[in-house]
Every structure is written in structure tokens, then in C-alpha cells.
Amino acid sequence: MSEEQNQSSFLANLLDWVLRVLQAVSVPFVAVFLAMLIGAVILAVSGASPWAAYSALFKGSFGSPEAFTRTLEKATPLVFSGLAVAFAFKGGLFNIGAQGQLLFGAIISAALGFAIEGLPAYIHAPLALLGGALAGALFGAIPGALKTYTGAHEVITTIMLNYIAINTTDYLADGPWKDPSPSNIVARTPKILETAVVPDLGGFPVGFLLSILFAVLIWWLLQQTTLGFEIRTVGQNPDAAEYSGMKVARTVILTMMISGFIAGMGGSIETQGIVGRYQPGFNSGLGFEGITIALLGKTSPFGVIPAALLVGAMDAGSSQMQFSANVANEIVDVIQALILFFVAADVIIRWLLRIRDEGDVVKLTTGWGK
Amino acid sequence: MAISQSWKRYFKQWGALTVLGFFVIIAVGYYYLKDPQITEAVLASAVRQATPLVLGAMCGLIGERSGIINIGIEGQMLMSAFIGFLVNVWTGNLLLAVFAGVSTGALLGLLLAFMSVTLKIDQIIGGTVINIVAVGLSGYFYQVGLTTKGKLAPIPLGKLADLPVVGRALFNNPPITYSAIILVLVVHYVLFYTRWGLRTRAVGEHPRAADTVGINVYLMRYVNVIIGGGVAGLGGVFLTLEAVGSFERLMTNGRGFVALAVMIFGKWTPLGSWGAALLFGMTSAIQTQIQFAGTVNIPHQFIGMLPYLLTIIVLAGVVGKSRPPAAEGIPYEKE
Amino acid sequence: MTENQHFALEARRVTKRFPGVIANDQVDFTLKKGEIHGLLGENGAGKSTLMNVIYGLYTAEEGQILLDGEEVQINNPHNAIDQGIGMVHQHFMLVPVFTVTENIILGSEVTRGTSLDLTKARKDIQNLSESFGLHVDPDAIVEDIPVGVQQRVEILKALYRDAKILVLDEPTAVLTPQEADDLFQIMHKLTEQGVSIVFITHKLREVIDIADRITVMRGGKVVGTTTPEETTKQGLAEMMVGREVLLEVEKEPAQPGEPVLEVRDFVVRDERGIEAVHGISFEVREGEILGIAGVQGNGQTELAEALTGLGGGESGELFLGGEKMPQKDPRKLIESGMSHIPEDRQRHGLVMTYPLTDNLVLCTYYQRPFARGVQRNKRAVLNNAEKLIDDYDVRTPGPLVKAGKLSGGNQQKVIVARELSRPLKLLLANQPTRGLDVGSIEYIHKRIIQERDKGAAVLLISAELDEILSLADRIAVIYQGKLVSIHQAGKFSKSELGLLMAGSTLTD
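Reference entry: report on the structure contained in this document. Nothing here was measured: the structure is a model prediction, and the numbers come from that model. (Residues numbered from 1 in each chain as written. Chains lettered and ligands numbered in written order. Predicted model: local features only at pLDDT ≥ 70, side-chain atom pairs only at ≥ 80, totals over all residues.)

## Thoughts on the overall build of chain C
Phase 1: When you go through chain C residue by residue, the secondary structure sums to 17 helices and 24 strands.
Phase 2: A compact globule built from 508 residues would reach a C-alpha radius of gyration of about 23 Å, and chain C, at 25 Å, matches this within 12%.
Phase 3: Within the span of chain C, comprising 508 residues, buried residues form 49% of the whole.
Phase 4: Restricting the contact set of chain C to residue pairs at least 6 apart, pairs at least 24 apart contribute 68%. (Helix = DSSP H or I, 4+ residues; strand = E, 2+ residues; numbered from the N terminus. Rg over C-alpha atoms; globule rule 2.2 N^0.38 Å. Buried ≥ 20, exposed ≤ 12 C-beta atoms within 10 Å, placed from the backbone. Contact = placed C-beta atoms within 7 Å.)

## Let's talk about the packing of helix 4 (residues 94-118) of chain B against helix 10 (residues 217-244) of chain B
Residue and element names in this part refer to chain B.
Phase 1: Relative to each other, helix 4 and helix 10 sit at 140°, their axes nearing to 6 Å. Relative to helix 10, helix 4 is oriented oblique. Between helix 4 and helix 10 lies a crossing of right-handed hand. (Axes fitted to C-alpha atoms, helices over the stretch in contact; angles between N-to-C directions. Parallel < 35°, antiparallel > 145°, perpendicular 65-115°, else oblique. Left-handed = near helix turned anticlockwise from the far one by under 90°.)

## Quick look at helix 5 (residues 121-150) of chain A
Phase 1: Helix length check: helix 5 of chain A, at 30 residues, gives a terminal C-alpha distance of 43 Å against a target of 44 Å (1.5 Å per residue), a fit within 8%.
Phase 2: Of the residues flanking the end of helix 5 of chain A, it is Gly151(A), one or two places downstream, whose phi is positive at about 80°. (Expected span 1.5 Å × (residues − 1).)

## Some details on the interface of chain B and chain C
The accessible area lost on association of the parts is a frequent measure of interface size.
Phase 1: Each partner contributes residues to the interface: chain B has 16 residues there, and chain C has 19 residues.
Phase 2: Elements with a minimum of two residues in the side of chain B that touches chain C: helix 8 (195-205) and helix 9 (207-212) of chain B.
Phase 3: Considering every element that reaches the side of chain B that touches chain C, the biggest residue donor is helix 9 of chain B, with five residues.
Phase 4: Taken together, the residues of the side of chain B that touches chain C sort by class into seven nonpolar, four polar and five charged. (Nonpolar A, V, L, I, M, F, W, Y, C, P; charged D, E, K, R; others polar.)

## Topic: the sheet that holds strand 13 (residues 259-269) of chain C
All names here are of chain C.
Phase 1: Read across the open sheet, the four strands follow the order 14-13-16-17; overall the sheet is antiparallel. Each edge of the open sheet carries a strand with a single partner, namely strand 14 (275-285) and strand 17 (323-324).
Phase 2: Pairing of strand 16 (residues 313-320) with strand 17 involves two bridges; the strand directions are antiparallel. When the bridges of strand 17 are listed, Leu 320 appears paired with Glu 323.
Phase 3: Here helix 9 (residues 300-307) sits on the sheet and contacts strand 13, strand 14 and strand 16; the angle it forms with strand 13, its principal contact strand, is near 120°. (Pairing = 2+ DSSP bridges.)

## Observations concerning the nonpolar core
Phase 1: Formed by 375 residues in total, the largest nonpolar core has its most connected members in Leu83(A), Val54(B), Val262(B), Leu426(C) and Leu460(C).
Phase 2: Not counting residues up to four positions away in its chain, the partners in contact with Leu83(A) are Phe214(A), Ala215(A), Ile218(A), Ile262(A), Pro301(A) and Val304(A). (Core = buried A, V, L, I, M, F, W, Y, C linked by C-beta atoms within 7 Å.)

## Structural notes on the sheet that holds strand 10 (residues 196-201) of chain C
Residues and elements named next belong to chain C.
Phase 1: Read from one edge of the open sheet, six strands run 6-9-10-3-11-12, paired in mixed fashion. Edge strands, defined here as strands with exactly one partner in the open sheet, are strand 6 (85-88) and strand 12 (221-226). In this sheet, neighbouring strand axes are inclined to one another by 20° on average, regardless of whether the strands run parallel or antiparallel.
Phase 2: Sheet contacts for helix 5 (residues 147-160): strand 6 and strand 9 (165-169); angle to strand 6, the most-contacted strand, approximately 170°.

## Description of the environment of Thr226(C)
All names here are of chain C.
Phase 1: Tracing the chain through its elements places Thr 226 in strand 12.
Phase 2: Taking C-alpha positions, Thr 226 is 62 Å from Gln 375, a pair spaced 149 residues apart along the chain.
Phase 3: Ignoring any residue separated from it by four or fewer positions in sequence, one finds Thr 226 in contact with Ile 214 and Thr 231.

## Looking at the environment of Arg112(C)
Phase 1: For Arg112(C), the location among the structural elements is in strand 7 (residues 111-112).
Phase 2: Distance from Arg112(C) to Phe29(C), taken between C-alpha atoms, is 42 Å for residues 83 residues apart in sequence.

## Topic: the pairing of strand 6 of chain C
Residue and element names in this part refer to chain C.
Phase 1: Of the two faces of strand 6, the one carrying Ile 85 and Met 87 and the one carrying Gly 86 and Val 88 are both buried.
Phase 2: Bridge count for strand 6 against strand 9 is four bridges, and the pairing is parallel. Across the sheet, residue Ile 85 finds its bridge partner in strand 9, namely Ile 165.

## Considering the interface of chain B and chain A
Phase 1: The interface of chain B with chain A comprises 41 residues on the first partner and 41 residues on the second.
Phase 2: Broken down by secondary-structure element, the contributors of at least two residues to the side of chain B that touches chain A are helix 5 (123-141), helix 11 (255-265) and helix 13 (300-315) of chain B.
Phase 3: A total of 14 residues in the side of chain B that touches chain A trace back to one element, the largest contributor, which is helix 5 of chain B.

## Let's talk about unusual backbone geometry
Phase 1: At the junction of Arg368(C) and Pro369(C), the peptide bond is cis and its omega measures out at 5° in the coordinates.
Phase 2: Counting through the fold element by element, Pro369(C) comes out in the loop between helix 12 (356-359) and strand 19 (371-372).
Phase 3: Positive phi is not limited to glycine here, since Leu250(B) has a value of about 55°.
Phase 4: Structurally, the position occupied by Leu250(B) is in the loop between helix 10 and helix 11.
Phase 5: Using a count of 13 C-beta atoms within 10 Å as the deciding quantity, one classes Leu250(B) as partly exposed.
Phase 6: Positive phi is not limited to glycine here, since Asp265(C) has a value of about 50°.
Phase 7: Its location among the elements puts Asp265(C) in strand 13.

## Brief notes about the pairing of strand 22 (residues 457-462) of chain C
Residues and elements named next belong to chain C.
Phase 1: Of all six residues in strand 22, six are buried, a share of seventy percent or more.
Phase 2: As judged from the five bridges shared by strand 15 (residues 289-293) and strand 22, these two strands associate in the parallel manner. Note that in strand 22 the partner of Leu 290 across the bridge is Leu 459.
Phase 3: Bridging between strand 21 (residues 426-430) and strand 22 involves five bridges; their strand directions are parallel. The partner of Leu 426 across the bridge, within strand 22, is Ala 457.

Structural data, given as C-alpha cells:
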């Protein structure tokens, strides 16, 4: 082969790669665009100015250094919940229970954060983070075990476990772990100690760095390790996985545990990096937004990061929007729901853009039985 | 021989539930003798608590019998509850409000059918889309402080309402509760005794077989999922117009998902689902009773968990496995 | 007026394209009234496509369909049914949980008021089955009745709709030779009553035995039409494949050594928990091929799954190379030297969404050189794939192509490559050539014999009697979950084996 040929084939490969990346990215972009467009129509119909609303949304999320910090803070737990859902998708599981796992993570990390005294920060903070993550892992293992041993579909069991998690954490925050300070009348835990706080460094949340680290870790686990190969094989074709000697039952439980671990870590970060305590209602929606983020990021660990930043920016900017454009911040939920619709129904966008390749299809539905 | 065969079949499928039902009846009789008033109140409350569940379950099974898994029942109910509520607030008309709610459910059914039949996207993700869209839209357009103009009131059915034990529970109900009971019977008849029902079940079990004898699989699925959506919509407006009289964010509170468990518990049959829903309703009614009486000192959060725990237990197959429609969840591809 | 009136059905210049292939290319086909017309061809030759066009499941791009000399438009099965065309598909189109009656009336229901009139339907079906000698219980649930009876239900379904033309797509694939003979009698009875039959098959003997005329297709085109009198098996085979074919596989006599696989008192349950294999014992020695013949659904699938650790094993012992194996542990079996060509290649054999590279290390991904510790070595995986694709003649654009993109024959070669590429003591090949073209079949047969000659023990499970006869050194017959007999190949004639497969005992 001559030098010239080599070079031209390299160029062709590069071009091919660029095209593929563009194609992969185009669907999420168009999905977001269409969702914002329909969101604008809804805003207009309800009598608000879409322009004012969107510019306030932008100002509130990227308009100033403080706004950007807020966006990063909002995005941090979202990266985790998005990773949790995406990871489970890779293993053929739909973890709608990221919400519940996150709640357990948040409250356990809060408990470890306020109850343990006298530890240096470099031990206390990681300990609380890890404790929350493990709580999430244990809570995530339940639907995994239910699925493998009884055939109960994880979609309904995880939703039910979400309600159980909400009730349990409510009870804890309103009962044994309630903030005893005399001024407190609501259900919430005491503030965590200084040593358990995950700080912002010059407006940049350390938690966000941690979330990126996790994304890399998850990518490595899925793509480069034998365990990741097992998880993906079980996700794609459990029969073939069993045929080839993989332990399907163990892998399903492990997948749910790891997914729960990531979600629980998201809860810990939320507690230790942002809220500073556990308070019911502060984390609602994070797990569900994880679904949107995972699908928007095409279930890829690296796709999750920009998706979480987008959703985080919306969440961060929504209060500014409510304040200066007088638009109920739930419009953000509507837009996110529409994004989810267009990402899930990407057939529409593929048709609009005339993309032929069928891409990576997430397939979960197999009925409620076995 | 033939008879004993069919009895065997019956017991294999329904044995556990029959025994369970038998115990419930004995327990009800026992408590009725002890305290007729409270027992009647609990029974009546159970029937009404069961209403949204049985309507949700009916929506689920109409869809699944035709091969479409509907996990968006929660969203369909929530959105219908909200629209029915809004229409009532604007017009003051209850009937129009019910109609609006049912139409909303049907419309979301159409959306689900479009996603799963035409676009062939994963049905569970499609249902999740509906749930999230419903939470978003109802949350955005909701304004605090509105209440309905009037509520659907109980209509006692003459002397029947005075019957002991079941009178109050069955014959002194508001209209949607009555409709739910009638719907159970209608769906049972249509599903098992009519041409439409035979075709629906065929499409859910073996769509290609149905296709080869000239049945339009896509059309059957569309129509069933839309009708199912309407039924879920009725369950939604039950909450705002019959039970509560106002709307709150997220007020369905998981009933749409519990309804799926009810459907599975009822083995994808209307009558079975009704029995299962009554059992769930009974749990809620007793739970309320306990909280009222205040005799047992359990944190309310734990009592509140009961239906969800029960759902998990049901799904874990403690009461025996059953077989879902064979083709559910699989998009049908004409070759 | 014209001779067209003789034809119950005529297809003229029918062309049907799928992305990348022309499934029917200017196909002409005629069916005389009251004849049995054999339509012969390999898998993928276009037989089923043509019939699906006639039945309205596909729409042809070009061409005409004539019934009784008149051109008709058939856009969907409903039109076809209305025009008197009935079809019995290779995979039965029956709803397993419905009764026979419900299945037959589906789509043409009689009602009284709003309700189904099942009483009338049942009576009609009884009359119909009596007049054609097709005995079925109208109230039986379809999944409870044997395949042969299910097929009768399918035929009744067509007759219930007044079919004058009946298309039977590979109807004997699921039958014993004796059941097939019963079917042929029914077919004759039907033609006597004026029904015209298209009989699709790839089995040469059957067309010669029963057809009045034979049309052969290859690569989407009609090669020619002939009659049984004018041709021979060899002649038909060459028309079908387009070159000379060896109907027999060449092999040396076996030189069996030590027993490699010993199975004792194996009891296996199927997915529904019903006992499907009742206490089977046998052994396979190194250097020999043991063929297990039997009609589908007699416990082979369950036996194979239990032997390979996929489940269902209830009791019994399994020794591989003298070592006792645990139940339900595929990895242990694989590591002890078992290779397995599974029955359902898309379900068990491959991950369709994975590239060939990953599929080719599906069982060894965790071993050196494909992994070091927990980290995979993708370079080694790629090298392995490139080598195997070359060695096993897998036709693919490259090693990173997804398995789902390959043809059935090449998918099977990928599995064979993977399973034969590691050191093996036992090869379990379950229906290894089902649905493949003749070229691939020849290749896989050659490879299986090579493995035997290298000293492996081979357990071959097949529903194709010809495959068993040409490959096996010893033959066992499985019937209703029991091994009926095990003997040296050559002891039984084909028809005797057929009788054993149907459950008869031979008295000699």
C-alpha cells in the first residue's frame, strides 16, 4: 500500500467518523429544538411571552458566574441519576427507581454527615458519600433480586419502591432523625457537619468533577472490562448470555446494585454538596429527570454529561424565569417531557433528517412475566 | 371427564384467589356481627377506593389483551383528572367535565398507540413519556385554590340500598362508581363473548395469525388502546369530580401503577381485576379506619406504604403465576 | 375459450423486491384445477415469497395474478380468502390458547345478535371435518393437541372459508413420515373434491411421490416445470441447486474410542414444568457421531438444553470425560470441553446487535488472551475474529459487522467457527443445518465429520432423517421423551426409522 493511499484512507475514515458523530448528535439537538419550539407555543397560548421566558431561563442558567455555578450544582446529581438510568439500560433494565435509591442515598449521607463527629474532612466526607451510595446500592438490589427470583418486572417494583422510599425517608426526617433545634417545625434532618461538606472551589462544585470521574469510570466498566461485557450481553440477549456461561441472575442483581450505587451517590452529593441536610421534597424529580437525561444522552456515559448540563440549566434558570417573566417554573417539566418524547420517538426526527441508520435502540418491553 | 378438566383449569388459575375471597367473606361476616356500622362503612369505602384502580386495571387489560403494554395509565388518569376538573371549574357542568376527562384519556391513548403501533418505540418508554408529559402539563397549568362546582353525589337505588351488609357498598354510590361496576361486566362480555373480543385477544396472542385471516392488527390495537385510555380517563375524573372535589399536583399518587398490579393479580380478566381491586380497596379502607380510630400507634408513613408493599407482593407472584398475553409489548411488523 | 380456463390459478411475470434482493424475478406459475402442484426450491429460492404474494401478504411490484382465467387484485389476505385461496403456513397461524373452534372461525365469525354463535360454528366444523375425514375435537385447546392435529385445524380453517385453492407451505417439516403419508391421503381426498393444491417443499422424495406437476425455483426465478415421470431425485436436486450435488456425504467408518459423554437416567422438565424427557441414558464415544432422530417436540430441545446446562434438568447424572458435571452450569461444561451448536441460533447462539468480533469470543471473553484480569484485550479479540472469518469462510464485509446483518448460513458459520475453535471433547450439534442453503449444509457437514475424525465425540440431534442417515455412526430414536432404540447406522432402513419416530415398535 502506498503512502498516498494510506493518507486518503485516513482522511476518509476521519470524514466518516465526523459524519457519524454529527449524525449521532443531530437527533438530540433536533429533539431539544422541537421541544423548545412546542414549549414556546404552550407559553404563548397561556399568555406568556416565549422570548421573555426563554431569555430569563438562559440568564438564570448561564447569564452570570453565579448562575453558571448554580447550573453546575443542579447538574451534578443529575449526571449521577442519568448515569444510573443509562447504566441499567445497558443491562436491559429500566431503573425507574433511581428516585428512591437517590432518596436513601441522600438521607443516609445526611445521617452520617450530622451524626459522626470528630473525623477529619478527608475521611468524613468520602465516608458519608460512600454510605449514601451503598444505601442506594442495597435499595437497588431489591428490584434486581425480585426480578431474578420471582420474575416481578422491575418497572413496577421500582415505582412502588419509590413510594416506599418517600414514605420511609419522610418518617425518618420527621421522626428519629428530625432536626431537634427549637426553631424547627418542619420535617428535616439537622445540618451536616462542616467536615462532611463537599465544597465549591471558586464557584466550581467539586461534586461536578466527581460526576465526570464517575462517567469515565462507568464507561471503562462497560466497554473495557469483562464484567461490562457480561452486563451488556445480558442486556442484549439474556439467553445467549446464559448459553455462553454467564451468570445471568447474578449479573441482573449486580447491574441494579451498581445502578443504585450511582443513584445513591447522586443523593449523597445533593445532600453534602448542595442542600446541606436532608429535607423531604428537595430531591423530588431528580430520578425521573434521570430517565430523560439517559435517553437524551443515548444511554452513553459521556452523552449523559451534556444532557445533564442541559436539564440542570433548565432547572437552575427556572426560578429566574418565574421571577422575571412570571412564568410557572413547571414549564420546564413540560419541555423536558417533550424532549423525552422526541428522543424516544426519534423515528420522527430520523425521518425529518432523512437518517437511514437505525442507531442504538433501547429495548425493554418484554411483558410482566418471566 | 370434560367437566373435571375444566375444573382443574379453573382451580389452577383461580384456586388461590377463590380461597382468599372465601376468607375475606368470612372475615366480613364476623366483623359485621361484631360491629355492623363500621363494617358497612369499610365495605362502602372499599368499593369506592377500588373504583379508580379497577378502571385503571380495565384500561391496562384492554390494551394488553390487544398486545400493547400501557404503563402510562398513571399519566392518563392524572391528565384526565386535571382536564375534567378544569372544565368543571370553567363551565360548572359535571357531565361535560366527565366527558372532557374521558376524552383526554382517550387522546393520550391515541398518543400511546401512535408511539407503540406506528412508531414502534419501546412501549414502556412510550408510557413513561405519557406519565412525564402529564405531570409537566398538569403542573404548569394548575392554579392553586380552585375547587369544583359541585361533586357527583351518591344515588341510592331505592330499597336495594337498605340491604344489610352490601346495600351501602353496592347500591348507594355516585355515578362513576356505578359505571365502573357496569364497565367490568361490559368488558367481560365484550372480551369473551363477541367478535370484537375474540379478535382483540387473537391480536394480543398471535398477531400474525390474526393478520393472515384478514384482521387489521394495527387498527385493533389503536382502537383498543384509545378505548382503554377513555376508561382510565374515567378513573381520573373519579378522583377530582367524585372523590375529592378539587385537584392537586400528582394527585393520582401511583394509582395508575397499582392498577397494573391489580390487572396482573386479576390475571388479565375484568372480573378477576375487580376482585383484586376490591381487595386493594379493602386494604386502603381498613388503613383509613385504623388511622381514624387511632387505636394502633403506627407512624402514618408506614400505613401509607401498605398498597405499594401489597403491589410488590402481588407482582412477586406470591399468589400464583399467570400468563400474560403472548404478544404483548412486541411491535407488530407486517412482513 | 382459451386454455387459461384450465388453470385455477395463474401467476404471470410476478416480481417482488426486498431491499437488496429480488425475491421473485418475473415468475410464471400455473396451477391446474384439482392437481397437486409441487413447488420445489431451497430456502430463499422465493417459493414462500411467491405464495405470500398470491395470498396478499406481500404486494408484488410487477405481474398479474389470474384466477379461473380472470385477472384479480389481491391486496391483503382478506381478498385472497374471499377469492377462495387458503394457506397453511409453515409456522402454524394458530392462537395457542384458543380452542379449535375459536381458531377456525377467527376472522369469519358467525354471530347471533352481538354474541358469537359458537354452537353453530361447532356444528359447521364437525360437518366439515366429517366430510373431509379430518378428525379434530372442536373444543380442544390448540396448545394441548399434537402438531399433526394442529395442521388439520389449519386445513379446516381454509376449508371453513370455502377455499378452492390450498397452499401448503412445507407441511411435512413437523411430521413423521407416517403422519406425512396421512397428510398425503388427505390431500388426495381434497383434490378429488375439486380443491387445487400448491405443495411447497424442499424434500425431493415427497414431490416425486405425490405431485402431479413440479415447478422448481432457484434464486427468485423459475428454473422449470416438470412431472414426476419425467425426472429423478438427482435431476431435481441439480435443478434446485444449479450444480451437481452429492446427496451423500463421504466419510470413513468411525473408529470409536473411550466414552466421552455419559448420560444416566436423565429427567428433564420443559418451560411449563411438564416432564419432557423421562429417564434417558446413553453414551457417546470419542471419534463417533451419535445421531438422535425424532420428530420435533419429542423432548430433543429439552434434552439438549439440559445437557448443555441451560436448565430444565430434574435428575440424572452427566459425565463429561469421566468427570461428573453439575446441573445448570454452562461455563463448567464449556471449560470441560463441550461445544454446542444451539438449535435456535438467534436466541442462544448469537447476540445479533454485537459485531462478529464479540460474538466469536462469546464463551471465552474472560480467558487469555482476550482478557487480562478484568480488562478486555480488544486487539486479541479482533485478531481472533479475522483469523476465524478467514478459516471458516464467513462471508462478511468485515469483522466489526453486526451478526444480525449476515445471512442465516453465515450466522451459522460464525457459531460453528466459535464452537470449533477451542479445544473440544464433545460437540453437541442441535439441528445444525436447519433453514440453510445447500452450500452451507455441505460445509457444516464436512466440518462435523472432520471433528469426529480428529477424535471428538459428536452428538447430533436432528429432525431431518436424511441428515441423521448421512452423518451418524450410531442412531438413536427419541419418541415422547424416551430413547426408543440405539443401533449402528445401517441397521434400519429409512422407513423403519420413520416407524420408530412415530412410536411404533419393530418386531424382528
